[in-house]
Amino acid sequence: LTINPGFTYYSYPGSNNNNGSNPAVANEPDFYEWSIGATYNWGLFTTGALFAYSPDFNLNSGTGKYINGKVVVPLGYVDLSGSVGKQYVEKNAVWGNKDLVDWKIAAGAKVWGIDLELAYLDTNAKTAFPSGATQAATDATFIFTVTKNF
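Everything numeric here is computed off the predicted structure, so don't read it as measured data. (Residues numbered from 1 in each chain as written. Predicted model: local features only at pLDDT ≥ 70, side-chain atom pairs only at ≥ 80, totals over all residues. Heavy atoms only, no water.)

A. Geometry of the overall build of the chain. Each helix and strand counted, the chain has one helix and eight strands in total. For the chain, buried positions account for 23% of its 150 residues. Contacts spanning at least 24 positions in sequence make up 40% of the contacts within the chain whose residues lie at least 6 apart. A total accessible area of about 9,700 Å² is found for the chain, and carbon and sulfur atoms account for 63% of it. (Helix = DSSP H or I, 4+ residues; strand = E, 2+ residues; numbered from the N terminus. Buried < 20%, exposed > 50% of the residue type's maximum accessible area, 1.4 Å probe, protein only. Contact = heavy atoms within 4.5 Å. Areas by Shrake-Rupley, 256 points an atom, 1.4 Å probe, with all protein chains shown as cover.)

See the structure below:
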């Protein structure tokens, strides 16, 4: 069993601290969250869980909590994985969306110390956030990532 505590600060430099609908209300996009994760290798597969907490979530929307579960199945040089998460937000109207569920299905590999991953991601969000994003911001998508840890 591996336990992973974490802290993440999300910064949006140059962003407008106002959602545009009410100039008198500043909705700060920057926020931080504490997290705790755990993974366990069962031999044929690995499972993981994560819990994250923010006392003042994105856009001053009150407390935010996120839970996520993940399974990784190694198949030689390629790992297949899937995860499901749920975001809970205290003030959904301020945040601009209902509590949402996200999911991801991915295939990844390590080549010369570089992590490669092709993932399909989606959520059950039906509306775009108040950032001015188009409806396409809630559509499913494929993402290819290249990561190198130092």
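This is not the end of the story, as more comes after the structure.
B. The arrangement of the side chain of S81 in detail. Along the chain, the position of S81 falls in strand β5 (residues 78-89). Filtering out sequence-adjacent residues up to four positions away, S81 remains in contact with K70, V71, V72, K104, I105, A106 and E117.

C. Spotlight on the packing of aromatic side chains. Within this structure, the stated rule accounts for seven aromatic pairs. With a centroid separation of 4.5 Å and an interplanar angle of 20 degrees, the aromatic rings of Y10 and F31 are classed as stacked. One end of the pair, Y10, is in strand β1 (residues 2-10); the other, F31, is in strand β2 (residues 31-41), and 21 residues separate them in sequence. Looking at F31, the relative accessible area reads 7%, which means it is buried. Connected via pairs of aromatic rings, a cluster forms that spans F7, Y32 and W34. (Phe/Tyr/Trp six-rings, centres within 6.5 Å; stacked < 30°, edge-to-face > 60°.)

D. Highlighting the pairing of β2. Where β1 lies against β2, nine bridges are found, and the strand directions are antiparallel. The residue bridging G6 from the neighbouring strand is S35, located in β2. By the bridge criterion, eight bridges tie β2 to strand β3 (residues 46-54) in an arrangement that is antiparallel. In the sheet register, A38 faces β3, and the bridge partner there is A49. Linking two consecutive strands that pair antiparallel, namely β2 and β3, is a turn of four residues; a positive phi of about 105 degrees is found at G43 within it. (Pairing = 2+ DSSP bridges.)

E. How the structure looks around the sheet that holds strand β6 (residues 100-111). In spatial order, the strands read β1-β2-β3-β4-β5-β6-β7-β8; together these eight strands make up an open sheet with antiparallel pairing. Whereas interior strands pair on both sides, the edge strands pair on one side only; in this sheet they are β1 and β8 (141-147). Averaged over all neighbouring strand pairs, the angle between strand axes comes to 20 degrees, with direction disregarded. Where β6 meets strand β7 (residues 114-123), ten bridges bridge the pair, whose relative direction is antiparallel. Within β7, the position partnered with I105 by the bridge is Y120. (Axes fitted to C-alpha atoms, helices over the stretch in contact; angles between N-to-C directions.)

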